[in-house]
Amino acid sequence: DDAEGQRLRAALLFANGDAKGGFSALERANKLDSKDPDTFCEIAQAFLRQGQVESADAAFAAARREGPDATCGRVGELYTQLPGGGRGAARTLKDLADKAPTVWDKAFAQVTLARVLLGAGAVKEARAAADEAVRLAPYNGRAYLALGLVAFKQRQEAPAREALAKAEELEPTDGLAHLALADVLVRETAELPRAVEAYEAFLKLAGGAPEASRVKKALPLLKRRASR
């Protein structure tokens, strides 16, 4: 009967691939303390795993409402706007990263900064932010997801595969981590069976995400190619 304990339980369940159990634990945490901004941030992260950006944005908004100074809510607001924001958002995120009270909030700010800079075409700066996120939170799947996306943009496919595989390992319920890995693996014929598995995991976990339609369209042909 402790909200923080239920959040910890949720994190363990998500890490063990139990998305349903993780959501249930977060619902329990929210019932125990309906005004806790940290719980709303964790709920938002859970929605992001499913590709439900609008629901995640609403949860981050609730975190900002209940805790106006909560770093996770302020960073999350910018994360749900990806890939937009540009240099203005980048400056805000750098400031939030510098002032964040916890290493986890600093890492989330660096992850978001990497994604914003990547969208703005500042790939070198994005890589530095992604590397910093991984340094701060070496067991955070979203940090490796950012690193993998940046490495892929830099045409460093081997490091991208490695980082995205780590993201998938650390966040087995994150549909978009599976999607990003599949999009890299599909470029190599030998990796097609693994790419198909990752695409199927994405559809199972985040079938309502905008990217689902193009995956569903491409999957039958990929399966035939992989079977050869």
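Scroll up a little and you will see the structure.
The text that follows walks through the structure, step by step, so that each part is easy to find. (Residues numbered from 1 in each chain as written. Predicted model: local features only at pLDDT ≥ 70, side-chain atom pairs only at ≥ 80, totals over all residues. Heavy atoms only, no water.)

**Some thoughts on the pattern of salt bridges**
By the definition in use, this model includes 16 salt bridges. Between Glu200 and Lys223 there is a salt bridge, with the nearest N and O atoms lying 3.0 Å from each other. Remark: Lys223 occurs in helix H13 (residues 212-227) and Glu200 occurs in helix H12 (residues 192-206); sequence separation between them is 23 residues. (Salt bridge = Lys/Arg side-chain N within 4 Å of Asp/Glu carboxyl O. Helix = DSSP H or I, 4+ residues; strand = E, 2+ residues; numbered from the N terminus.)

**Some remarks on H13**
Between its terminal C-alpha atoms H13 stretches 22 Å, which fits the 22 Å expected from 16 residues at 1.5 Å a residue. By the largest-angle criterion, Leu219 marks the main kink of H13, which is about 40 degrees, and a proline, Pro220, follows within four residues. Listed in full, the buried residues belonging to H13 are Ala212, Val215, Leu219 and Leu222. Residues of H13 that are buried sit in contact with helix H11 (175-185) and H12. (Expected span 1.5 Å × (residues − 1). Bend = angle between axes of the 7 residues up to and from the residue. Buried < 20%, exposed > 50% of the residue type's maximum accessible area, 1.4 Å probe, protein only. Contact = heavy atoms within 4.5 Å.)

**A word on the environment of Thr92**
As for its placement among the helices and strands, Thr92 is situated in helix H6 (residues 86-99). Note: C-alpha distance between Thr92 and Ala109 (17 residues apart in sequence) is 9.4 Å.

**Details of the state of the cysteines**
One pass over the full model with this rule turns up 1 disulfide. Here Cys41 engages in a disulfide with Cys72; their sulfurs sit 1.9 Å apart. Measuring handedness by torsion sign, the sulfur bridge of Cys41 and Cys72 sits at about 75 degrees and is right-handed. One end of the pair, Cys41, is in helix H3 (residues 37-49); the other, Cys72, is in helix H5 (residues 71-79), and 31 residues separate them in sequence. The pair formed by Cys41 and Cys72 is uniform in burial state, with each residue classed as buried. (Disulfide = S-S within 2.5 Å.)

**Observations concerning a negative patch on the surface**
Taken together, the side chains of Asp2, Glu4, Asp38 and Glu42 define an acidic patch exposed on the protein surface. Of note, Asp2 is situated in the segment before helix H1 (3-15). By relative accessible area, which is 44% here, Asp2 ends up partly exposed. (Patch = residues over 30% accessible without salt bridge, like charges linked within 9 Å, V, L, I, M, F, W, Y side chains within 5 Å. Areas by Shrake-Rupley, 256 points an atom, 1.4 Å probe, with all protein chains shown as cover. Lys, Arg positive; Asp, Glu negative; His and termini not counted. Charge placed at Lys NZ, Arg CZ, Asp CG, Glu CD.)

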